[in-house]
Structures are given as structure tokens and as C-alpha cells.
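Coordinates in review
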Amino acid sequence: MKTLKIGIASYDRMKQRTMAIARGEHRPTKGEPTVWFTSIESFAKVLSGRNRDLLAAIAREKPDSLTELAELAGRNKSNLSRTLKTMSRYGLVELKKGRRGALVPRVPYDQVRLDVALTSASIDLV
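About the criteria used
Residues numbered from 1 in each chain as written. Predicted model: local features only at pLDDT ≥ 70, side-chain atom pairs only at ≥ 80, totals over all residues. Heavy atoms only, no water. Pairing = 2+ DSSP bridges. Helix = DSSP H or I, 4+ residues; strand = E, 2+ residues; numbered from the N terminus. Right-handed = clockwise from strand over helix to strand, strands pointing away. Patch = residues over 30% accessible without salt bridge, like charges linked within 9 Å, V, L, I, M, F, W, Y side chains within 5 Å. Areas by Shrake-Rupley, 256 points an atom, 1.4 Å probe, with all protein chains shown as cover. Salt bridge = Lys/Arg side-chain N within 4 Å of Asp/Glu carboxyl O. Buried < 20%, exposed > 50% of the residue type's maximum accessible area, 1.4 Å probe, protein only. Axes fitted to C-alpha atoms, helices over the stretch in contact; angles between N-to-C directions. Core = buried A, V, L, I, M, F, W, Y, C linked by side-chain atoms within 4.5 Å. Contact = heavy atoms within 4.5 Å. Phe/Tyr/Trp six-rings, centres within 6.5 Å; stacked < 30°, edge-to-face > 60°. Parallel < 35°, antiparallel > 145°, perpendicular 65-115°, else oblique.

Examining the pairing of strand E1 (residues 3-8)
When E1 meets strand E5 (residues 111-115), the two strands line up parallel, connected through five bridges. Its bridge partner lying in E5, Thr3 is registered against Gln111. Bridging between E1 and strand E2 (residues 35-37) involves three bridges; their strand directions are parallel. Considered in E2, the bridge of Ile8 is made with Phe37. Each parallel crossover has a hand, and for E1 linked through helix H1 (residues 11-22) to E2 it is right-handed.

Next up, the structure:
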């Protein structure tokens, strides 16, 4: 089973972490999140029930194009394309070129693990 590790941090904290990594001051450990959201609400929006159903359909049916997926999911292709591109930015979907240039969606993870700090003392991005 392949798990995507996701964290929640403010934009400033994520930027601080990224800069520390670039300067060699922080080396991410194996257990750290690899994808970050700025809020639980933004995470919940990207992984809404409708979008989780979409991910399940991609994993189950393995469509050869966005057109095929739109038909399977009963969704408008242009809206579907936007949704998939958003999920792709977070690593939840991979979009690869298929036959005749068609985008082929695939789901690289079986599950996600969300790390959320409950106190400011537990937020240690750098």
C-alpha cells in the first residue's frame, strides 16, 4: 500500500521550510509530509467526497483519456480537467500523455495520511 503524507502549515511556514531545505539547514526525514496544504479546509476541498469518488473511479476503471473518465464519472470534461490539474499539483493524480496526446489519469497512492499540529509547540517545519 502506498501512502501520501500530507501536512498543514501556513504559507509563511511552508516558505520558511522550503528556504531552509534550499540552504541545506533542514533535511526532510522519511516520515515528514511531502505535500503541504495551507489549511484543513483547503485539504478537505481538494479531497471532497465527490473527488474521492473520482479517484476511486480512476483507480478502478483506469480510463485511457479524460473524455473516457468524464463519461464514466458523469462530469463535464472542462470542470473535470480543472479538478484533475489541481489534484495533480498535490500529487494525488498523475496525468500522463497517452495515445494521440490524450491525457491519461492515474492514482499513484492508495491512501493519504494527514499530519496536523494541534499546538504551536508541535509545529516544527525547520
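What follows picks up the thread again.
Topic: a nonpolar patch on the surface
On the surface, Ile40, Leu114, Val116 and Leu118 cluster together into a nonpolar patch covering about 360 Å² of accessible area. Looking at the secondary structure, you find Leu114 in strand E5. Residue classification places Leu114 among the partly exposed residues on the basis of a relative accessible area of 31%.

Observations regarding the sheet that holds E5
The three strands lie next to each other as E2-E1-E5, forming an open sheet whose pairing is parallel. Edge positions in the sheet fall to E2 and E5, since each has one partner strand and no second. Taken over all neighbouring pairs, the strand axes of this sheet differ in orientation by 30° on average, direction set aside.

A few points about the pattern of salt bridges
A side chain of one charge can pair with a side chain of the opposite charge when the charged atoms of the two come close. According to the stated counting rule, one finds five salt bridges in the structure shown. Lys96 is paired through a salt bridge with Glu94; the nearest N and O atoms lie 3.9 Å apart. Salt-bridge contacts for Arg113 lead to Asp115; the nearest nitrogen and oxygen are separated by 2.9 Å.

Points about the nonpolar core
Proteins that are soluble and globular tend to have nonpolar side chains buried together. Grouped together as the largest cluster of nonpolar side chains are 19 residues, with contacts concentrated most on Phe37, Leu54, Leu84 and Met87. Taken together, the elements giving at least two residues each to this core come down to E1, E2, helix H2 (40-46), helix H3 (49-61), helix H4 (66-73) and helix H5 (77-89). Here Leu84 is in contact with Leu54, Ile58, Leu66, Leu69, Val93, Leu95 and Pro105, once residues within four sequence places are set aside.

Re the packing of aromatic side chains
The final tally for this structure, using the stated rule, is two aromatic pairs. Relative to Phe43, the ring of Phe37 has its centre 5.4 Å away and its plane inclined at 80°; by these criteria the two rings are edge-to-face. For the pair shown, Phe37 and Phe43 are each scored as buried. Relative to Tyr90, the ring of Phe37 lies with its centre 4.0 Å away and its plane at 15°, an arrangement referred to as stacked.

Focus: the packing of H3 against H5
For the pair H3 and H5, interaxial distance at closest approach is 12 Å and the crossing angle is 85°. What the angle tells us is that H3 and H5 run roughly perpendicular. Within the contact between the two elements, H3 uses Asn51, Leu54, Leu55 and Ile58 and H5 uses Leu80, Thr83, Leu84 and Met87.

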